[in-house]
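# Structural features, examined
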Amino acid sequence: MWTVIKWAIPTIVLIALVGALLTKKTFRIEHDVAAPPEVVWQVLMDTAAYPEWNPVFIAVDGDYVEGASVVNTVRDPSVSETDMRAKVRTVSAAAELRQSGGMPGIITFDHRWLLEPIDGGTRIVQHETDRGIGLWFWNSDWIEPAYTKTSEALGRRAEALTR
């Protein structure tokens, strides 16, 4: 009996660790707006104004500068607010803002705002990859609808500035 238990526990731990490393969810939202990438970027970088228009990322503590740490206050559909620490990985003017964070193995995120020039405006893309064992227990059904609302709100604000 002891031999079975002795091997069962490490086997279960190994399976959980492999599962945590291999488990991932990807979210991708695209939204076209009639505003140039430079104007969309201006709105995205004006974090002090997020409470005025952003329904999900309602506050940012810190600056979007490569290598900087920021705290994003995120509001989920239940109107619950969560502070998420992130490291700013990429800041490419009018093109890409990338940040990532979380607890490796448990749950991590890699979130990108991509601005692609299109005829008559900009394609706003939000792309996120989440990884970790925590995904087994977390209901992420709200993410894509919330990101859609955020991209639409960003577009409305940028279009208003363009007029």
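These notes cover the structure that comes with them. Computed from a prediction, not measured in an experiment: that's the story for all the values here.

Scanning the protein chain from N- to C-terminus turns up four helices and seven strands. When its helices and strands are written in sequence order, the protein chain yields α-β-α-α-β-β-β-β-β-β-α. Its C-alpha atoms give the protein chain principal-axis dimensions of about 75 × 30 × 30 Å. Within the protein chain, the fraction of its 163 residues that count as buried is 40%. The contacts in the protein chain between residues at least 6 apart in sequence include a share of 53% that link residues at least 24 apart. Just so you have it, the protein chain exposes about 9,300 Å², and 59% of that area is on carbon and sulfur atoms. Averaged over its 16 positive side-chain charges, the protein chain has a centre that lies 7 Å from the centre of its 21 negative ones.

Moving on, we come to empty space enclosed by the protein. This structure, assessed with the given rule, holds one cavity of 30 Å³ or more. Space inside the largest cavity adds up to approximately 30 Å³. Residue composition of the lining of the largest cavity, by class: four nonpolar, one polar and no charged.

A few words now on the side chain of T108. Inspection of the secondary structure assignment puts T108 in strand β6 (residues 107-118). Those residues in contact with T108 that sit more than four places away from it in its chain are G101, G102, M103, T129, D130 and R131.

Reading guide: rules and limits
- Residues numbered from 1 in each chain as written.
- Predicted model: local features only at pLDDT ≥ 70, side-chain atom pairs only at ≥ 80, totals over all residues.
- Heavy atoms only, no water.
- Helix = DSSP H or I, 4+ residues; strand = E, 2+ residues; numbered from the N terminus.
- Buried < 20%, exposed > 50% of the residue type's maximum accessible area, 1.4 Å probe, protein only.
- Contact = heavy atoms within 4.5 Å.
- Areas by Shrake-Rupley, 256 points an atom, 1.4 Å probe, with all protein chains shown as cover.
- Lys, Arg positive; Asp, Glu negative; His and termini not counted.
- Charge placed at Lys NZ, Arg CZ, Asp CG, Glu CD.
- 1 Å grid on protein atoms, 1.4 Å probe; cavity = no way out; pocket = protein on both sides within 12 Å on 5 of 7 lines; lining within 4 Å.
- Points joined across faces, edges and corners; volume = space filled by probe spheres on them.
- Nonpolar A, V, L, I, M, F, W, Y, C, P; charged D, E, K, R; others polar.

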